[in-house]
Amino acid sequence: ARYRLNSRLNNARRMLLIFLPALTLVVGIGVAELGGGQDISIRPNEAVAIGAAAFGPLIAVLVLVAVKYDFDLILVGTAGMLTSISTTALFSLSLTPGANGAFYQAIVVRHAFFVGVGFLALIGGAVLSPYLDRISRFPFTVLVIALLLTLATITLGETINGARLWLQVGPVQFQPSELARLLLAA
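Residues numbered from 1 in each chain as written. Predicted model: local features only at pLDDT ≥ 70, side-chain atom pairs only at ≥ 80, totals over all residues. Heavy atoms only, no water.

**Some points on the overall build of the protein**
When helices and strands are counted, the protein shows seven helices and three strands. Starting at the N terminus, the α and β elements of the protein follow one another as α-α-α-α-α-α-β-β-β-α. For the protein, the residues scored as buried account for 27% of the 186 residues in total. A total accessible area of about 12,300 Å² is found for the protein, and carbon and sulfur atoms account for 70% of it. (Helix = DSSP H or I, 4+ residues; strand = E, 2+ residues; numbered from the N terminus. Buried < 20%, exposed > 50% of the residue type's maximum accessible area, 1.4 Å probe, protein only. Areas by Shrake-Rupley, 256 points an atom, 1.4 Å probe, with all protein chains shown as cover.)

As structure tokens, then:
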């Protein structure tokens, strides 16, 4: 009987770790809206971005449970909580009137989308990690891909803030050097 009780408590703790980041984000945004004395008026792009930030950790945990059952739940839960707190803080800053509020509105949307993309990258890394030994068998191919990414930056890159480091593919803008760094680390 004691084992079943401990097992139930551990399951309850796990469920709390899974849902706590989303709950923190939703409650934090609600408190920020109500504390600011404003009506709850989240713009559609903010709602989608905040949804990505709220459900990113939850979806990541559910996929990791299905794909890789021996992952570190506390680490993923901690990352989810930290991103929820930072998204809530940025959202509360976006409620300030004037130009600063408009600036933070754009920042909170970008931040929340990056949180969602980060948790998708976590899922991708966990799914692809068993194949890492296959990739490491072809070090020169990986090196050539990294060098091609660097050459693409030199020839096709855009200059932003005085540095020619960015490539734009459709609506997505990224630094190929970051992908090259990941490839060289593999």
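So much for the structure itself; the text now carries on.
**Re unusual backbone geometry**
In the Ramachandran plot, Asn161 falls in the positive-phi region, its phi being about 55° despite a non-glycine side chain. For Asn161, a relative accessible area of 81% corresponds to the exposed category.

**A closer look at a nonpolar patch on the surface**
The grouping of Val67, Val127, Leu128 and Tyr131 at the surface amounts to a nonpolar patch, some 350 Å² of accessible area in total. Its location among the elements puts Leu128 in helix H4 (residues 99–128). (Patch = residues over 30% accessible without salt bridge, like charges linked within 9 Å, V, L, I, M, F, W, Y side chains within 5 Å. Salt bridge = Lys/Arg side-chain N within 4 Å of Asp/Glu carboxyl O.)

**Some thoughts on the sheet that holds strand E1 (residues 158–160)**
In spatial order, the strands read E1-E2-E3; together these three strands make up an open sheet with antiparallel pairing. Pairing within the sheet leaves two strands with one partner each, and these edge strands are E1 and strand E3 (172–174). Strand-to-strand twist of the sheet, defined as the mean angle between neighbouring strand axes without regard to direction, takes the value 45°. (Pairing = 2+ DSSP bridges. Axes fitted to C-alpha atoms, helices over the stretch in contact; angles between N-to-C directions.)

**Overview of the pairing of strand E2 (residues 163–169)**
Along any regular strand, the residues point their side chains to alternate faces of the sheet. Bridge analysis of E1 against E2 gives three bridges, and the strand direction is antiparallel. When the sheet's bridge partners are listed, Ile160 is paired in E2 with Ala163. In this structure, the hairpin formed by E1 and E2 is closed by a connection of two residues, where Asn161 is found at a positive phi of approximately 55°. As paired elements, E2 and E3 share three bridges and run antiparallel to each other. Opposite Gln168, over in E3, you have Gln173 as the bridge partner.

**Regarding the layout of surface pockets**
Within this model, the largest pocket holds a volume of roughly 960 Å³. For the largest pocket, the lining is made up of 23 residues, of which Val117, Phe174, Glu178, Leu179 and Leu182 are closest to its centre. At the level of elements, H4, helix H5 (132–135), E3 and helix H7 (176–185) are the ones that each hand at least two residues to the lining of the largest pocket. When its residues are assigned to classes, the lining of the largest pocket shows 16 nonpolar, five polar and two charged. (1 Å grid on protein atoms, 1.4 Å probe; cavity = no way out; pocket = protein on both sides within 12 Å on 5 of 7 lines; lining within 4 Å. Points joined across faces, edges and corners; volume = space filled by probe spheres on them. Nonpolar A, V, L, I, M, F, W, Y, C, P; charged D, E, K, R; others polar.)

**Some details on the packing of aromatic side chains**
All told, the structure shown has one aromatic pair when counted by the stated rule. Measuring from ring centre to ring centre gives 5.2 Å for Phe103 and Tyr104, while their planes differ by 70°; the resulting arrangement is edge-to-face. Judged by its relative accessible area of 49%, Phe103 is partly exposed. Residue classification places Tyr104 among the partly exposed positions, given a relative accessible area of 25%. (Phe/Tyr/Trp six-rings, centres within 6.5 Å; stacked < 30°, edge-to-face > 60°.)

**Details of H4**
A rise of 1.5 Å per residue sets the reference length of H4, with its 30 residues, at 44 Å; its end C-alpha atoms lie 43 Å apart and thus fit the reference within 8%. Every buried residue of H4 is accounted for by Gly101, Val108, Val109, Ala112, Val115, Gly116, Phe119, Ile123 and Ala126. Of the surrounding secondary structure, the elements contacted by the buried residues of H4 are helix H2 (44–67) and helix H3 (73–94). (Expected span 1.5 Å × (residues − 1). Contact = heavy atoms within 4.5 Å.)

**So, the nonpolar core**
In terms of nonpolar packing, the biggest core is built from 26 residues, with Leu25, Val61, Phe71, Val76 and Phe91 touching the most fellow members. At the level of secondary structure, the elements contributing two or more residues to this core comprise helix H1 (2–35), H2, H3 and H4. Considering every element that reaches this core, the biggest residue donor is H2, with eight residues. (Core = buried A, V, L, I, M, F, W, Y, C linked by side-chain atoms within 4.5 Å.)

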